[in-house]
Amino acid sequence: MPAAFFLSAVVPCYNEASGLPELYRRLKAACAGVGQPYEIILINDGSKDATWAKIQELSANDDTVVGINLSRNHGHQLALSAGLSLCRGEFILIIDADLQDPPELLGDMLKKMEEGADVVYGQRISRKGETWFKKATAAAFYRLLNYLSDIDIPRDTGDFRLMRRNALEALLSMPEQSRFIRGMVTWLGFRQVPLPYHRDERFAGETHYPFRKMLKLAIDAVTSFSIRPLRMATYFGLIMGTLTVLYAVYLFISWALGGYVVAGWLSLMLVVLFVGSAQFVLMGVLGEYLGRIYIESKRRPLFLIQEVIGRSTAK
Ligand code: UDP
Ligand code: MG
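What counts and how
The residue numbering used here restarts from 1 in each chain and proceeds along that chain's sequence as written. For naming, the first written chain is A and the first written ligand is 1, with later ones following in the order written. Given that the model is predicted, a residue must reach a pLDDT of at least 70 before its local features are reported, and side-chain atom pairs must reach 80 or more before they are shown or counted; all residues, however, enter totals for whole chains, interfaces and linings. Side-chain metrics rest on all non-hydrogen atoms present in the structure, leaving aside hydrogens and water. As used here, the term nonpolar core means buried Ala, Val, Leu, Ile, Met, Phe, Trp, Tyr and Cys residues forming a set that is joined through side-chain atoms within 4.5 Å. Each residue is assigned to one of three classes by its accessible area relative to the maximum for its type, calculated with a 1.4 Å probe on protein chains only: buried under 20%, partly exposed between the two thresholds, exposed over 50%. By the criteria applied, helices consist of DSSP H or I runs no shorter than four residues and strands consist of E runs no shorter than two, each listed in order from the N terminus. Here, two residues are considered to be in contact whenever any of their heavy atoms come within 4.5 Å of each other. Being near a molecule or strand, for a residue, comes down to having at least one heavy atom within 4 Å of it. In protein, a polar contact requires one atom able to donate a hydrogen and another able to accept it; more generally it is a pair of N or O atoms within 3.5 Å, and residues adjacent in sequence count only if both atoms are side-chain atoms. In these tables, accessible area is a Shrake-Rupley quantity obtained with a 1.4 Å probe, and a residue counts as shielded only by the protein chains included in the view. A donor here means an N, O or S atom no more than 2.8 Å from the metal, or no more than 3.2 Å when the metal is Na, K or Ca. Since water is not included, a site may seem to lack partners. In summary, the pairing rule links any two rings of Phe, Tyr or Trp, Trp by its six-membered ring, whose centres are within 6.5 Å, and it sorts them by plane angle into stacked for under 30 degrees, edge-to-face for over 60 and tilted for everything else. When charges are counted, neither His nor the chain ends are considered; positive counts come from Lys and Arg and negative counts from Asp and Glu. Salt bridge criterion: a side-chain nitrogen from Lys or Arg within 4 Å of a carboxyl oxygen from Asp or Glu. To obtain an axis, a line is fitted to C-alpha atoms, over the contacting stretch when the element is a helix, and the angle between two such axes runs from 0 to 180 degrees between their N-to-C directions. Each angle receives one of four descriptions, namely roughly parallel if under 35 degrees, roughly antiparallel if over 145, roughly perpendicular if within 65 to 115, and oblique otherwise. For a crossing to be left-handed, the near helix must be turned anticlockwise from the far one by less than a right angle; the clockwise case is right-handed. Ten residue types, Ala, Val, Leu, Ile, Met, Phe, Trp, Tyr, Cys and Pro, are classed as nonpolar, four, Asp, Glu, Lys and Arg, as charged, and the remainder, Gly among them, as polar. Multiplying 1.5 Å by the helix residue count minus one yields the expected span of that helix. Like charges within 9 Å and nonpolar side chains (Val, Leu, Ile, Met, Phe, Trp, Tyr) within 5 Å are joined into patches, using only residues over 30% in relative accessible area that form no salt bridge.

The next thing to look at is the nonpolar core. Judged by nonpolar contacts, the single largest core of 38 residues is most densely connected at Leu84, Met163, Leu171, Phe180 and Leu188. At the level of elements, strand S2 (38-44), helix H3 (76-86), strand S4 (89-94), helix H5 (132-148), helix H6 (165-172), helix H7 (181-188) and helix H8 (211-225) are the ones that each hand at least two residues to this core. With six residues, the top contributor of residues to this core is H8. In this view, Phe180 contacts Gln77, Phe141, Leu145, Ile153, Leu217, Ala221 and Phe225; residues no more than four positions away in its chain are not counted.

A word on the site of ligand 1. Ligand 1 sits among 19 residues. The nearest are Glu16, Asp45, Asp98, Thr207 and His208. Within the contact set of ligand 1, an oxygen atom lies 2.8 Å away from a backbone nitrogen or oxygen of Tyr14. Gln100 is positioned such that a nitrogen or oxygen atom in its side chain is 2.7 Å from an oxygen atom of ligand 1. For ligand 1, whose unbound accessible area comes to 530 Å², protein coverage reaches 96%.

Right, let's get into the coordination of the magnesium ion (ligand 2). Those donors, Asp98 (OD) and Gln100 (OE1), are the protein atoms that reach the magnesium ion (ligand 2), and they lie 1.8 to 1.9 Å from it. Here Asp98 matches Gln100 in class, with each residue buried.

For the rest of this paragraph, the subject is the environment of Pro194. Topologically, Pro194 is positioned in strand S7 (residues 192-199). The exposure class of Pro194 is partly exposed, given its relative accessible area of 29%. Filtering out sequence-adjacent residues up to four positions away, Pro194 remains in contact with Lys112, Tyr121 and Gln123.

Attention now goes to the packing of aromatic side chains. The tally for this structure, following the rule as stated, stands at nine aromatic pairs. Residues Phe6 and Phe91 carry aromatic rings whose centres are separated by 5.1 Å and whose planes lie at 50 degrees to one another, so their mutual orientation is tilted. In this pair, Phe6 sits in strand S1 (residues 5-13) while Phe91 sits in strand S4, placing the two residues 85 residues apart along the sequence. Judged by relative accessible area, which is 8%, Phe91 ranks as buried. Here the aromatic rings of Phe141 and Phe180 are separated by 6.1 Å at their centres, their planes lie at 90 degrees, and the arrangement is edge-to-face.

Turning our eyes to something else, we now look at the side chain of Arg179. Relative to the helices and strands, Arg179 is located in the loop between H6 and H7. In this structure, Arg179 is buried with no salt-bridge partner, the nearest side chain bearing the opposite charge being Glu176 at 5.8 Å. Reaching out from Arg179, the side chain makes a polar contact with the backbone oxygen of Met174 at a distance of 2.9 Å. Each residue touching Arg179, except ones within four places of it in the same chain, is listed here: Gln77, Leu78, Ser81, Leu171, Met174 and Met184.

Viewed as axis vectors pointing N to C, helix H9 (residues 228-256) and helix H10 (residues 265-298) meet at an angle of 160 degrees, and their least axial separation amounts to 7 Å. The angle between H9 and H10 places the two elements in the roughly antiparallel class. Crossing angle aside, the handedness with which H9 passes H10 is left-handed. Partitioned by chemical class, the residues of the contact of H9 with H10 number 21 nonpolar, nine polar and three charged.

The terminal C-alpha atoms of H9, which comprises 29 residues, lie 42 Å apart, in line with the 42 Å expected from a rise of 1.5 Å per residue. All of the buried residues along H9 are Ala233, Thr234, Gly237, Gly241, Thr244, Ala248 and Leu251. In this structure, the buried side of H9 is in contact with H10. Phi for Gly258, located one or two positions after H9, is positive at around 90 degrees.

Together, Trp132, Phe133, Phe211, Leu215 and Ile219 make up a nonpolar patch on the protein surface, roughly 590 Å² of accessible area in all. Every element with two or more residues in the nonpolar patch is listed here: H5 and H8. With respect to the secondary-structure elements, Phe133 resides in helix H5. Note on Phe133: relative accessible area 39%, which makes it partly exposed.

By themselves, these figures tell us nothing about what the structure is for.
Right, here's the structure in full:
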C-alpha cells in the first residue's frame, strides 16, 4: 500500500486528558515544521477520564487529527499496535502522550533517515522525574533480557522512535498476541540507528506503569524472545546428575576404604538422586518441544528482505 502521507505520529493515550492539549500543541508544531502532509493518530485506550472527549474535540477542529477509540483498556502495547495498523504515513513516529519524549526531536530523527536509516530509536541519556526504583528495575530488566534472548535489545530505549514504512510493514506482519514492540522492532533488523536524548518528566498526570504492569511487560518480553527458561530444567538435571555421579564415586571410595555406611542407605540415596536428575532432564526435553511449538505458534515471518539487486525485470 503506498503511503498517503509523508508522516504519521502515533500516540497511545490512557487517562491523559490533562496533558493532551499541550501534547497536541507541541506535536502539531513539530509535524508542521517538516512541511509535508501528515496525520496525528491519537488512540484512546479505554481511559476513565475525559481523554476521548478531548480527542474528539481535537479531531473536530483539525482534520490532521485521527482519533481511535478502543473498546476497553487493552494496554499500552496493544493500543500502539492499533494505531500502527491504521496509520498511513511513509514515516511513522511513535511517541508517548505524556511529553516525556520531546516531539521536537522529529527533525533530528528525519535527518538520520535521510542518511539511510530505516528505524531511528530514541536512547535515553538521562531520565528526569523517575524514581531510583524504576531506573534500577529497568536497568536490571534489560540486562536479564539481553542475557536470556537471542537478540540484542538496545538498553535505555522505550517505544519512542521513527520508522520507515518498510520496517512498519514488517512489524505488522508479526501476528503474535503478546507484543513487546521495542523487542519486535529490534528483531526485524534493517538499519536501526540510535538518537540519544534526555527524557523529561511527565507533563501532567502520573505513570500508568505501576510495578504490576512493568512486571507483566517484563514477563511478556522474556517469554516472547526467549525459550531459555524452558531449558532450565535440562541444565538443572545435568548438574544434579553430575553431582550425583561424583557423590557416588566418593561414597564407593570411602566404603571401599572401610568407612562406615548404614546398610541400604547408599543404594537408596543414589536411586533417589538418579531418578531426580533423570526427571529434570526429561522435563527439559518436554520444554524443548514446548518451546518449538511456541515459536511455531507465533507465526513470525521466516525472514525479512532489505533489498534485492541485480535481478533483471525483463521477462
Ligand atoms: N498507556 C496506554 N495504555 C495503558 C497504559 C499506558 O495507552 O494501559 C499510554 C500512556 O498514555 C502513555 C504511554 O502509554 O502515552 C506510556 O505510559 P506511561 O507514560 O504511563 O509509562 P512510563 O513513561 O511511566 O513508563
Ligand atoms: Mg511516561
